[in-house]
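Spelled out from the first residue to the last, the chains are:
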Amino acid sequence: MSIVMQIKPLVVKALKELYNFDIEEADLTINTTKPEFEGDYTIVLFSFIKSLKRSPEQIGKELGDHLTSQHATIFHAYNVIKGFLNLVISNDYWINFLRTNFLATQFGVKPSNGITVIVEYSSPNTNKPLHLGHLRNNFLGWSVAEILKSNGYEVFKTCVVNDRGIHICKSMIAWQFFANGQTPESTNTKGDHFVGNYYVKFDQEYKQQVNDLLAKGLGKEEAEREAPIMKATQQMLLDWEAGKPEVIALWKKMNQWVYEGFDVTYQTIGSDFDKTYYESDTYIKGKKFVEEGLNKKVFFKKEDGSTWIDLTEDGLDEKLVLRKDGTSVYITQDLGLADEKYKDFQYKESIYIVGDEQNYHMKVLKLILKKLEKPYADGIYHLSYGMVDLPTGRMKSREGTVVDADDLVDEMVGIAAKHTEELGKVAGFTEAELQDLYDTIGLGALKFFLLRVDPKKRIVFNPEESIDFHGFTGPFVQYSHARIKSILRKEKAEPTYKLQSTGLLAAERELIILLEQYPTILEQAAQEHNPSVIAIYIFTVAKTYNTFYAEHSVMNAESADKKQLRLQLSEMTANIIASAMHLLGIKVPERM
RNA sequence: GGUCCGGUAGCUCAGCUGAAUAGAGCAACAGCCUUCUAAGCUGUGGGUCACAGGUUUGAAUCCUGUCCGGAUCACCA
């Protein structure tokens, strides 16, 4: 149990014994002591001075005396400054903590709690390649899933592929019209990029046709409706829904190209899924909800035959759930999919990694499921994340400002290679090891950059400035790990060594206090569904270790005891860095 | 216009279930490699926490209002 969770009941008990005063553990404020004061943890006394009718100094002294005398193994000393009781935890406590945990690669990881959670993330369209926004989604989803796993949840990662609809038909039509039978193979192009090019081509051609029609005197709406390529696309969608064989064949062929491209990208960035859903399979399944909703009088029909739900009492609007022609809309599909996923996984919680532009949609989805009295409605959780914007604003594919995922990864790996070569520390690496190292560092920089920010905040990415490799970055943490490993290759701590209580220097103490907080950080990250908590924490750990490293020698420590202590500290720091970075989907190198 | 989210150092961000003099990184400047990897370390400068009220022993943090930025309110997905 964490030291803070041990202190709390002791304080509650002490206040009861000293003053017959009752307080809940939750109402106690215990912070780490500010560096300018002596102590490890601080109890804030202000909240109960009024009830006790004593001065904070008196309470601090009496509580401090009580704790240090009754629990001398934990509390070594105390001091009171204004309303703050600063507690010094005993060296023996910290040293004992370190000895029992420094080898534990699973430190902080919780045993199974039997609760099933699913995380839906990535969810690409099969008409264009992945871009920077998708990367944030992928990294978030993967990381949140792993964080929940480490907290004992049984987690399944799912992906919904938007593989049908008018936007898919656009690239198909453009390919039919303009490709002359070219393929990814014949043009040596990655499949998703190949198809994406035709999606762009469609847009260009469409604009051209609209302009031509405008020139002929048609109105804007009419021109947009009458453009031949758009009409052909709409016909194709109808043909697809009717199952016309040659359309289905083309659809399958082009989607397959995209999947082959996605597979390469997913492999590179480390995304994986336990189950993939295809919209083409699931888009019909929501329709049965419409009947159910009508029977339960949750939905209603309008005169034109369309079906709606009235959410005005909940502060929202009326929402269409089925078109008058009987085809389903987006929300209908998602209702069906939620049900499908529940059948598959019996989840307690279903997390959707979806951008904040869909906040309204996700709110409606959950609300409708509630009104339909679905048992899983409360478990729907929208992990809403902000857009990745350019300094000039949103990325726009029409204006060619979209930052392509594959390109960006290549660029980051290239920069990692350049830095590594310049530093010249990798003698003896094989070609394969070098490539692996470049991937590790380049992807590490990219993932850390996107995960260190609170998900709900938007991120500004400036393509003119490459992502940093110094300071609050992935490579900084990776580098700290590599330096520790360099020491541990020379000598490891002896697990059986009996450390005498040699005292702890400030740098040692600060580090050990931080390491002890890791399990609490894991809990917080899981509870908040927030990987940035871990990124911030592990940066602090690395930074603190680096300060310690610069001040004190491990190999040439002042005494055998100090050497063992520092080897243990180093080993535990390396383990926690590896563990935390894994939760962010980032590998850590042995050397760099 | 309604709803939701954000506004903290020149820039990018922590801190937001209230607590000590508001913290990091980048950028700038000054130092530190004959000692475990300098992708590192140390120091200096840099803040009306958007603004105005309120609650409180105590507010960047909670409440109200205003201003600014973004998202959304489709028989698109």
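Residues numbered from 1 in each chain as written. Chains lettered and ligands numbered in written order. Predicted model: local features only at pLDDT ≥ 70, side-chain atom pairs only at ≥ 80, totals over all residues. Heavy atoms only, no water.

*Asks:* How do you make sense of the overall build of chain A when you look at a structure like this?
*Replies:* The helix and strand tally for chain A stands at 22 helices and 14 strands. With respect to the three principal axes, the spread of C-alpha positions in chain A is 90 × 65 × 40 Å. Within chain A, the proportion of its 592 residues that are buried is 53%. A fraction of 74% describes how many contacts in chain A between residues 6 or more apart in sequence connect residues 24 or more apart. Approximately 27600 Å² of chain A is accessible, and the part contributed by carbon and sulfur atoms is 51%. One finds the centroid of the 69 positive side-chain charges in chain A at a distance of 2 Å from the centroid of its 82 negative side-chain charges. (Helix = DSSP H or I, 4+ residues; strand = E, 2+ residues; numbered from the N terminus. Buried < 20%, exposed > 50% of the residue type's maximum accessible area, 1.4 Å probe, protein only. Contact = heavy atoms within 4.5 Å. Areas by Shrake-Rupley, 256 points an atom, 1.4 Å probe, with all protein chains shown as cover. Lys, Arg positive; Asp, Glu negative; His and termini not counted. Charge placed at Lys NZ, Arg CZ, Asp CG, Glu CD.)

*Asks:* Can you walk me through the packing of helix α4 (residues 91–101) against helix α19 (residues 506–516) in this structure?
*Replies:* Axes are the key here: two packed helices are described by the angle between their axes and the distance separating the axes. Running from N to C, α4 and α19 point in directions that differ by 60°, and their axes come no closer than 11 Å. Taken as axis vectors, α4 and α19 run oblique relative to one another. Crossing hand, α4 versus α19: left-handed. Judged by residue contacts, N91, W94, F97 and L98 of α4 engage R509, I512, I513, L515 and E516 from α19. Residues that form the contact of α4 with α19 fall into these classes: 6 nonpolar, 1 polar and 2 charged. (Axes fitted to C-alpha atoms, helices over the stretch in contact; angles between N-to-C directions. Parallel < 35°, antiparallel > 145°, perpendicular 65-115°, else oblique. Left-handed = near helix turned anticlockwise from the far one by under 90°. Nonpolar A, V, L, I, M, F, W, Y, C, P; charged D, E, K, R; others polar.)

*Asks:* When you look at the domain arrangement of chain A in this model, what are you seeing that I'm missing?
*Replies:* When the parts of a complex come together, some accessible area is lost, and that lost area is often used as the size of the interface. Considered domain by domain, chain A is made up of domain 1 (3–89), domain 2 (165–272) and domain 3 (405–583). A straight line from the C-alpha centre of domain 1 to that of domain 2 covers 68 Å. (Domains from an automatic or database assignment.)

*Asks:* Just checking my understanding: could you explain the protein's contact with RNA strand B for this structure?
*Replies:* Lining the immediate environment of RNA strand B, one finds 64 residues, of which D304, K425, Y479, S486 and H552 sit closest. The share of sugar and phosphate among atoms of RNA strand B within 4 Å of the protein is 61%. Between RNA strand B and K50 there is a distance of 3.4 Å, counted from a phosphate oxygen to a side-chain nitrogen or oxygen. Contact distances for RNA strand B include 2.8 Å between a base nitrogen and a backbone N or O atom of M592. (Near = heavy atom within 4 Å. Polar contact = N/O pair within 3.5 Å; in protein donor to acceptor, adjacent residues only side chain to side chain.)

*Asks:* Honestly, the sheet that holds strand β4 (residues 84–89) in this entry has me stumped. Any pointers?
*Replies:* In a beta sheet, neighbouring strands pair by backbone hydrogen bonds and run either parallel or antiparallel. Strand order across the open sheet formed by 4 strands is β1-β2-β4-β3, with antiparallel pairing between neighbours. Strands at the two margins of the open sheet, each flanked by one partner only, are β1 (30–32) and β3 (75–81). Across the sheet, the axes of successive neighbouring strands diverge by a mean angle of 25°, strand direction being ignored. Bridge analysis of β1 against strand β2 (residues 41–44) gives 3 bridges, and the strand direction is antiparallel. Among the inter-strand pairings, N31 is bridged to a residue of β2, identified as T42. (Pairing = 2+ DSSP bridges.)

*Asks:* Please clarify how the environment of K457 should be interpreted in this entry.
*Replies:* Structurally, K457 is set in the loop between α17 (431–451) and β14 (459–460). Linking K457 and S384, residues 73 residues apart in sequence, is a C-alpha distance of 9.3 Å. Apart from the residues within four sequence positions on either side, K457 is in contact with R136 and G386.

*Asks:* Looking at this structure, how should I read the packing of helix α6 (residues 166–178) against helix α10 (residues 228–242)?
*Replies:* Running from N to C, α6 and α10 point in directions that differ by 120°, and their axes come no closer than 9 Å. Note on packing geometry: the crossing formed by α6 with α10 is right-handed. Where α6 abuts α10, its residues I166, C169, K170, M172, I173, Q176, F177 and F178 lie against I229, M230, A232, T233, Q234, M236 and L237. Class assignment for the residues of the contact of α6 with α10 results in 11 nonpolar, 3 polar and 1 charged.

*Asks:* I would appreciate a short explanation of the nonpolar core in the present structure.
*Replies:* Nonpolar side chains in soluble globular proteins tend to end up buried together. In this structure, I7, I43, L67 and I538 are the most contacted members of the largest nonpolar core, which totals 156 residues. Once residues within four sequence positions are removed from consideration, I7 is found in contact with I30, Y41, I43, F75, L87 and I89. Residues F289, F299, L337 and L369 belong to the second largest nonpolar core, which totals 29 residues. (Core = buried A, V, L, I, M, F, W, Y, C linked by side-chain atoms within 4.5 Å.)

*Asks:* For this particular structure, what's the right way to read the pattern of salt bridges?
*Replies:* Pairing of side chains with opposite charge becomes possible as their charged atoms draw close. One pass over the full model with this rule turns up 35 salt bridges. Its salt-bridge partner being D65, residue K61 comes within 3.0 Å of it at the nearest N-O pair. With K61 and D65 both in helix α3 (residues 56–70), this residue pair falls 4 residues apart, about one helical turn. Notably, a salt bridge pairs E340 with K285, separated by 3.2 Å at the nearest N-O pair. Here the residue E340 occupies a position in helix α14 (residues 330–345), and K285 occupies one in the loop between α12 (279–282) and α13 (287–295), the gap between them amounting to 55 residues. On the basis of relative accessible area, E340 is assigned to the buried category, the value being 18%. Judged by relative accessible area, K285 falls into the partly exposed class, the value being 32%. A network of salt bridges, in which partner residues are shared, links E146, K149, K157 and D272. (Salt bridge = Lys/Arg side-chain N within 4 Å of Asp/Glu carboxyl O.)

*Asks:* Would you explain the side chain of D239 in this entry?
*Replies:* Tracing the backbone shows D239 in helix α10. If sequence neighbours within four positions are ignored, D239 has contacts with K244 and V247.

*Asks:* Can you walk me through the packing of aromatic side chains in this structure?
*Replies:* Any pair of aromatic rings gets described here by the distance separating the centres and the angle formed by the planes. Under the counting rule described, the total for this entry stands at 27 aromatic pairs. Here F46 and F84 contribute two aromatic rings whose centre-to-centre distance is 5.3 Å and whose plane-to-plane angle is 85°, an arrangement assigned as edge-to-face. Of the two residues, F46 is situated in helix α2 (residues 46–52) and F84 in strand β4; the sequence distance between them amounts to 38 residues. With a centroid separation of 6.1 Å and 50° between ring planes, the pair formed by F262 and Y266 is classed as tilted. (Phe/Tyr/Trp six-rings, centres within 6.5 Å; stacked < 30°, edge-to-face > 60°.)

*Asks:* Would you mind going over the sheet that holds strand β10 (residues 318–322) with me for this structure?
*Replies:* Strand order in the open sheet formed by 3 strands is β8-β9-β10, with antiparallel pairing between adjacent strands. In this open sheet, the two edge strands, each paired with only one partner strand, are β8 (299–301) and β10. Across this sheet, the average inter-strand angle for adjacent strands is 40°, counted without regard to direction. Of the pairings in the sheet, the one linking β8 to strand β9 (residues 307–310) comprises 3 bridges and is antiparallel in character.

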